[in-house]
Amino acid sequence: MIREGERLDDLGINGYRILQDPRRFCFGMDAVLLSGFAVVRDGSRVLDLGSGTGILPILLEAKTGALHLTGLELQEESADMSRRSVKLNGLEEKIDIVTGDIKEADRLFAAASFDVITSNPPYMIGGHGQKSDNEAKMIARHEIACSFDDVARVSARLLVSGGKLFLVHRPFRLAELMVTLTGHRLEPKRIRFVYPHLEDEPNIVLIEAVKDGKSRVTVEKPLIVYGDDGDYTSEIYEIYKMPDYRRDGFG
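The rules behind these values
- Residues numbered from 1 in each chain as written.
- Predicted model: local features only at pLDDT ≥ 70, side-chain atom pairs only at ≥ 80, totals over all residues.
- Heavy atoms only, no water.
- Axes fitted to C-alpha atoms, helices over the stretch in contact; angles between N-to-C directions.
- Helix = DSSP H or I, 4+ residues; strand = E, 2+ residues; numbered from the N terminus.
- Parallel < 35°, antiparallel > 145°, perpendicular 65-115°, else oblique.
- Left-handed = near helix turned anticlockwise from the far one by under 90°.
- Contact = heavy atoms within 4.5 Å.
- Nonpolar A, V, L, I, M, F, W, Y, C, P; charged D, E, K, R; others polar.
- Core = buried A, V, L, I, M, F, W, Y, C linked by side-chain atoms within 4.5 Å.
- Buried < 20%, exposed > 50% of the residue type's maximum accessible area, 1.4 Å probe, protein only.
- Expected span 1.5 Å × (residues − 1).
- Salt bridge = Lys/Arg side-chain N within 4 Å of Asp/Glu carboxyl O.
- Phe/Tyr/Trp six-rings, centres within 6.5 Å; stacked < 30°, edge-to-face > 60°.
- Lys NZ or Arg CZ within 6 Å of the ring centre and 35° of its normal.

Remarks on the packing of helix H6 (residues 148–158) against helix H7 (residues 174–183)
Between H6 and H7, whose axes approach to 9 Å, the crossing angle comes to 30°. The angle between H6 and H7 places the two elements in the roughly parallel class. The chirality of how H6 crosses H7 is right-handed. Of H7, the residues touching H6 (which contributes Phe148, Asp149 and Ala152) are Leu177, Thr180 and Leu181. Among the residues making up the contact of H6 with H7, the classes are represented as four nonpolar, one polar and one charged.

Right under this line is the structure:
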């Protein structure tokens, strides 16, 4: 089950664990924050675009009453790790992992076949960000294999009317993201900015968009990652489902 160079990480919820390979691309806080931001109603059919090693389907299975979850991942090595993590956690009946290209997702799945779509897409375009010699990490971080327009286009095709897209991205591209979403009939409804510290600029934005939704957006209160003591804030502990010993005490 665990291959050379891989590690097995405890997710801290439902006893679930996940396989990761530091030589490729390991999930970060962005995916965990998205799992806490997404609203998945009981009985929902969920698709995660660009699923990596399957972190979002596994976390959403633990946190929600979704009927079924599907992860779509371009890189077969990552998709294989996802499948093994799903099997390790006994979730084969709840989660499917499909190897495929986001740009062709509307050929792989039927139109209007999902109630919820999540995505933690590549953030960087052109010369933005540091480049890596590691192809797997480059594909995960830079718009090499797909663009944000691809994510929005296939989401609009695959969501039912009234279905929701939840995504995590970078604030410096917010204007472009809003224009692209609305251009594909995905109306932004909720936005939340994430700040490393209270005095910092936000470095993450969480967005909920509704297919065929009416024009009205709510900007939620800021999410602060670290408090004055340098530790996670209570809300971050809650999202991670970890005990906050400052609040709850030890034992």
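Quick look at the nonpolar core
Soluble, globular proteins show a tendency: their nonpolar side chains are buried together. Ranked by size, the top nonpolar core spans 36 residues in total, and within it Leu11, Leu33, Val46, Ile95, Val194 and Leu206 carry the most contacts. At the level of secondary structure, the elements contributing two or more residues to this core comprise helix H1 (29–37), helix H2 (55–63), helix H3 (76–88), strand E5 (95–99), strand E7 (159–169), strand E9 (204–211) and helix H8 (234–240). Setting aside residues up to four positions removed in sequence, Leu206 forms contacts with Leu33, Leu34, Phe37, Leu167, Val168, Arg190, Ile191, Arg192 and Val194. Leu47, Leu159, Tyr195 and Ile224 belong to the second largest nonpolar core, which has 30 residues in total.

Re unusual backbone geometry
With a phi close to 65°, Arg185 is a non-glycine residue in the positive phi region. Mapped onto the elements, Arg185 comes out in the loop between H7 and strand E8 (186–195). Residue Asp212 is not a glycine yet carries a positive backbone phi of 65°. Secondary-structure assignment places Asp212 in the loop between E9 and strand E10 (218–219).

Examining H3
Here H3 contains 13 residues, and its C-alpha end-to-end distance of 18 Å stays within 8% of the 18 Å for a straight helix at 1.5 Å per residue. Within H3 the residues assigned to the buried category are Ser78, Ala79, Asp80, Met81, Ser82, Arg84, Ser85 and Val86. Positive phi appears at Gly90, one or two residues downstream of H3, with a value of about 70°.

Focus on the pattern of salt bridges
Counting across every chain of the model gives 18 salt bridges. With a closest N to O distance of 3.1 Å, Arg45 and Asp115 form a salt bridge. Residue Arg45 is found in strand E3 (residues 45–49), and its partner Asp115 is found in strand E6 (residues 114–119); the two are separated by 70 residues along the sequence. The exposure class assigned to Arg45 is partly exposed, which follows from its relative accessible area of 32%. Classification of Asp115 as partly exposed rests on a relative accessible area of 21%. Salt bridges linked by common partners bring Arg3, Glu6, Asp80 and Arg84 together as one network.

Some details on the packing of aromatic side chains
In this structure the tally under the stated criterion is five aromatic pairs. With centroids separated by 5.4 Å and ring planes inclined at 85°, the aromatic side chains of Phe109 and Phe114 adopt a geometry described as edge-to-face. Measuring from centroid to centroid gives 5.9 Å for Tyr232 and Tyr240, while their planes differ by 10°, and the two rings are stacked. Pairwise contacts between aromatic rings join Tyr226, Tyr232, Tyr237 and Tyr240 into one cluster. Taking NZ or CZ as reference, Arg190 lies 3.9 Å from the ring centre of Phe37, over its face.

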